[in-house]
Protein chains: 2
Amino acid sequence: MNKILVLGAGRSATALINYLLDEACKNSWFVTVADSNLEAAQQKVNDHSCGRAIWLNVTNVEDRKAVIAKTDLVISLLPPFLHTLVAEDCLLLGKHLLTASYVSQGFYSKADEVREKALIFMGELGLDPGLDHMSAMQKINEIREGGGKLTAFRSFTGGLVAPESDDNPWHYKISWNPRNVVLAGQGTAQYIKDGKYKFVPYHRLFSQAVPIDIQGMGTYEVYANRDSLLYRSSYGLDDIPQLIRGTIRYPGYSRAWNALIKIGYTNADFPIMNSEDLTYYQLTEAFLGNNNRASTLKECIADLINEDVDSDVMHKLEWLGIFSRKKINLKDATPAKILEELLLKKWKLKKNDKDMVIMQHEFEYTQNGKNYLLTSTLVMKGEDSQHTAMSKLVGLPLGITAKMVMAGKLTTPGVNIPVLKEVYTLVLDELEKMGIVFQDSLVEI
Amino acid sequence: MNKILVLGAGRSATALINYLLDEACKNSWFVTVADSNLEAAQQKVNDHSCGRAIWLNVTNVEDRKAVIAKTDLVISLLPPFLHTLVAEDCLLLGKHLLTASYVSQGFYSKADEVREKALIFMGELGLDPGLDHMSAMQKINEIREGGGKLTAFRSFTGGLVAPESDDNPWHYKISWNPRNVVLAGQGTAQYIKDGKYKFVPYHRLFSQAVPIDIQGMGTYEVYANRDSLLYRSSYGLDDIPQLIRGTIRYPGYSRAWNALIKIGYTNADFPIMNSEDLTYYQLTEAFLGNNNRASTLKECIADLINEDVDSDVMHKLEWLGIFSRKKINLKDATPAKILEELLLKKWKLKKNDKDMVIMQHEFEYTQNGKNYLLTSTLVMKGEDSQHTAMSKLVGLPLGITAKMVMAGKLTTPGVNIPVLKEVYTLVLDELEKMGIVFQDSLVEI
């Protein structure tokens, strides 16, 4: 095995491709990066002697199959709905497949066939999902092996701006998919506390954010994710009385974001006809309905969201531009799309800005009659707006796993996520060599 | 033309099929009623000499085509996603097609072909959408023909329980699709007031219901529909400064329904694992999250929804059973599904209960320098829980339109909704002969 194919050369691919090209010469691999935007692929490969960039329209069956047929391992960074096509080809042509995306039910349904062909199909190999599984499972298994019984597992991740580059009132800049920033939390968050289910609908989620102490960093805040219960079985935590996953933000973010939800700016369900002709002011006004008892638009909105007109939340909204008389200039867009475009401008990382990723797991367990709290924290900052912590922490677990597959060090075939010991041990060991390491603290409680 | 095919013999088909069979002998037609449930079709046809019931699996292409090939006019009461299949067959085989469902973009895209083949494809021939279009367009055209200029159009419809059968604290019983009762208003309501767009997100919609005076009936309340802007162009109202469509309920309904939304009971986005083992009490408790400062569940919920624990809203919630210790007994169901099953029991029309449909249009217009308000109201009660006003008002406009197509009285081919004068005039005239008539009142304002 010496040929790796990377499908997709978007922004999030940089760290992965750099890692693979670095390793390629050492290991006598050849890396092909395919994208429908040839220039993007060429930029990433940058005339490297162990790699090449090619143009590929991945929806063209014959072209796609021809390219996959010539490789040993496929890494798909395509939008999730295209993974299915690629997976079918890989299964047919007998190629291994890695992705950073959520593993769908459709994917899992192929598990038997994949196993029979001794292939490795693995998803959720990025940051979250990805590194969260690996780092949590390592601790969970260590606790179990030491005779401990888990009573609570809390896991929080945030893609943030580093404090030294934080210069806006929201204390947030975008380091990942902006669409997901806007739609975050839509649905119902589910978690378990005191052995009971808890369901938090979207319209209450951000008002229920709670403070969290991040080791060495101070106080942040977290809100619950939709998927806390999703990994209960994969983690072997079916009977645990407390289980929650959440998202980390700087204090105050959730309260202000909740104001955008209350006003209606996060709705993605209807296009506004002729939105290009409206101003942000007019759109904000349109959300008022008949709630216009106060005299100015700002007073009406303050009234609607139950905040003082000169409050911190109102200041954040004004800074964002939702009271601006500028034209929206987006045709027939949903409120969510209009908000996304606004955030892309206002929350953009400047060239030399550093982003920051925080991941913190909290494990409570009983061992020999005593109760412990183990806190395990990773804080990583990026170098600048191109070399972000986010892109490294998404790309490196995927790249390292690829290396292990190429070297024949992963032996479990089938469709999996990286909760397997053989995967997380190798990945976390190599990340540690790069200085990417969780800080642990253990206290009796 | 003498053969009519009705696809679907569900509960809402009764009034339509009875009307068609009555007309069939007078006009020498033969009516075939096809359903995958033969018994249901047989019950509806009831050995009528001018009709027959047949078994049909409509997803079987060959069977479906064979049946459609033998008819002149198809009336589809199938779920909307199946209309497309039927429409393709009708186009291929040259048959007219009528439905009571919303006309989709996919349907409209076939308009040229349908017109070229001189076929009539018409949708939205029920109550709402259906009779609302017909009755509104008649008045709108009369006002225009009299030289009036419309300045406001408000249109409200409600499927309710008749006052004499109203014996529950919600003052509501189910006379149509219960799923739609639960999901009502999800999305963002859009309307126009003072020449400006208004957008009302779901989480504010029911708290903004307003009182309405229904002619001859007293005070009810209305909340805005999602689709107020949808018919702006079809009605020729592109420049109207006020346009709203809404849903009529008895006073107090919206405030209590809003409580169910706030708690989280209308969410259809996630299945609750093992919901069959939970009680309603436990589910309600799960929605509390960390909001459990008060001592009892009822106090916590009252606190969450900002109501007194002995308020009318709390009384309605308790009557519904959301604090009951009974098991839910529905496997892996969403909250919305659990609520739907609860409402089906609690809001069921008893055998001799009468339902009631109210439709009220309000037109403001200027004529010869004076301003007028024309109010046009239909109130119709059902006979009992089988012979509902709802099923008559859904079935009769469809049946009458079918009769007009069979008689060759409709001459406009293509894909349409009944805003055409030739359609609404004939349908409204025949409804009037049956005593189904709008009461008008005109005042200068």
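Scope of this entry: the structure provided in the associated data block. Predicted model, so just to flag it, every value in this text is computed and none were measured. Within each chain, residues carry numbers counting from 1 in the order of the written sequence. As they are written, the chains are lettered A onward and the ligands numbered 1 onward, keeping that order. It should be noted that, the model being predicted, local features are given only for residues of pLDDT at least 70 and side-chain atom pairs only at 80 or more, the latter also being counted only at that level, while totals for whole chains, interfaces and linings use all residues. Note that water and hydrogens are dropped before the side-chain values are worked out from all heavy atoms of the structure.

### A look at the pattern of salt bridges
Our working definition: The rule for a salt bridge is simple: a side-chain nitrogen of Lys or Arg has to be within 4 Å of a carboxyl oxygen of Asp or Glu. Elements are defined by DSSP. Helices are runs of H or I of four residues or more, strands are runs of E of two residues or more, and each kind is numbered from the N terminus. Residue burial is assigned from relative accessible area. The probe radius is 1.4 Å, only protein chains are included, and a residue is buried under 20% of its type maximum, exposed over 50%, and partly exposed in between.
On inspection of all chains with the given rule, the structure shows 56 salt bridges over all chains. The residue Asp167(A) makes a salt bridge to Lys350(A) at a minimum N-O spacing of 2.5 Å. Here Lys350(A) lies in the loop between helix H14 (335-346) and strand E13 (355-367) and Asp167(A) lies in the loop between strand E7 (149-161) and helix H8 (178-183), a separation of 183 residues in the sequence. Since its relative accessible area comes to 47%, Lys350(A) is described here as partly exposed. The salt bridge involving Asp112(B) is made with Arg115(B); its shortest N-O contact spans 3.1 Å. Residue Asp112(B) and its partner Arg115(B) are both found in helix H6 (residues 111-116); the two are separated by three residues, about one turn of the helix. Residue Asp112(B) is classed as partly exposed on the basis of its relative accessible area of 48%.

### Considerations on the sheet that holds strand E2 (residues 30-35) of chain A
Either a parallel or an antiparallel arrangement is found when strands of a sheet pair, and the pairing is made through backbone hydrogen bonds. All names here are of chain A. The line we're drawing: Two strands qualify as a pair provided that DSSP identifies no fewer than 2 bridges between them. Axis lines are fitted through C-alpha atoms, for helices just across the contact stretch, and the angle between N-to-C directions can take any value from 0 to 180 degrees.
One open sheet accounts for seven strands, arranged E3-E2-E1-E4-E5-E6-E15; its pairing is parallel. Of all the strands in the sheet, just strand E3 (51-55) and strand E15 (414-416) have a single pairing partner and so form its edges. In this sheet, neighbouring strand axes are inclined to one another by 20 degrees on average, regardless of whether the strands run parallel or antiparallel. Pairing of strand E1 (residues 3-7) with strand E4 (residues 73-76), which is carried by four bridges, proceeds in the parallel orientation. Residue Leu5 lies in a different strand from E4, and its bridge partner there is Val74.

### Observations concerning the pairing of strand E12 (residues 243-249) of chain B
All names here are of chain B. Among the seven residues in E12, seven count as buried, and that is most of the element. Sheet topology places strand E7 (residues 149-161) next to E12; five bridges connect them, and they run parallel. By the bridge assignment for E12, Arg154 is matched with Ile244. Bridging between strand E11 (residues 218-224) and E12 involves four bridges; their strand directions are antiparallel. The residue of E12 that forms the bridge with Glu221 is Arg249.

### Side note on the nonpolar core
To be explicit about the condition: Only buried residues count toward a nonpolar core, which is a set of Ala, Val, Leu, Ile, Met, Phe, Trp, Tyr and Cys residues joined through side-chain atoms within 4.5 Å. Contact between two residues is taken to exist if any of their heavy atoms lie within 4.5 Å; hydrogens are not considered.
Core analysis: the biggest nonpolar cluster contains 158 residues, and Leu20(A), Phe121(A), Trp170(B), Trp257(B), Ile301(B), Leu317(B) and Trp347(B) have the highest contact counts within it. Beyond its immediate stretch of four places on either side in the chain, Ile301(B) contacts Ile263(B), Thr284(B), Leu288(B), Met314(B), Leu317(B) and Phe323(B). Val200(A), Leu339(A), Val31(B) and Leu82(B) belong to the second-largest nonpolar core, a separate cluster that totals 157 residues.

### Focus on the state of the cysteines
All names here are of chain A. Just so we agree on the cut-off: Any pair of cysteine sulfurs within 2.5 Å is marked as a disulfide.
Under the defined criterion, the tally for this structure stands at two disulfides over all chains. Here Cys25 pairs with Cys50 through a disulfide, and the sulfurs are 2.1 Å apart. Disulfide Cys25-Cys50: torsion about the S-S bond near 115 degrees, hence right-handed. Highlighted residues: Cys25 in helix H1 (residues 14-27) and Cys50 in the loop between helix H2 (38-45) and E3, separated in sequence by 25 residues.

### Here we look at the sheet that holds strand E4 (residues 73-76) of chain B
All names here are of chain B. Strand order in the open sheet formed by seven strands is E3-E2-E1-E4-E5-E6-E15, with parallel pairing between adjacent strands. Looking along the sheet, the strands with just one partner apiece sit at the ends: strand E3 (51-55) and strand E15 (414-416). Going across the sheet, the axis of each strand differs from the next one's by a mean of 20 degrees, ignoring polarity. Bridge analysis of strand E2 (residues 30-35) against E3 gives five bridges, and the strand direction is parallel. Among the inter-strand pairings, Val33 is bridged to a residue of E3, identified as Ala53. On the sheet, helix H4 (residues 80-93) packs against strand E1 (3-7), E4, strand E5 (96-99) and strand E6 (120-122) and is oriented at approximately 160 degrees with respect to E5.

### Examining helix H2 (residues 38-45) of chain B
Residues and elements named next belong to chain B. Condition: Starting at the helix axis, one direction is taken to each C-beta atom, and the arc is that of these directions. N or O atoms within 3.5 Å of each other form a polar contact, as long as, within protein, one can give a hydrogen and the other can take it, and as long as residues adjacent in sequence are counted only when both atoms are side-chain atoms.
Among the residues of H2, those classed as buried are Ala40, Ala41, Lys44 and Val45. For H2, the buried positions fall inside an angular range of 130 degrees around the axis, keeping them on one side. Across H2 from its buried face, at more than 90 degrees, point the exposed residues Glu39 and Gln43. Elements in contact with the buried residues of H2: helix H1 (14-27), E2 and E3. Measuring from the backbone nitrogen of Glu39 back to the side-chain oxygen at the start of H2 gives 3.2 Å, which picks out Asn37 as the cap.

### Focus on H14(A)
Residues and elements named next belong to chain A. Convention followed: Working rule for helices: expected span equals 1.5 Å times residues minus one.
Taking 1.5 Å as the rise per residue, H14 with 12 residues should run 16 Å; its terminal C-alpha atoms sit 16 Å apart, in good agreement. Buried within H14 we find Pro335, Ala336, Ile338, Leu339, Glu340, Leu342 and Leu343. Those residues of H14 hidden inside the fold are in contact with H8, helix H10 (253-263), helix H11 (280-286) and helix H13 (312-320).

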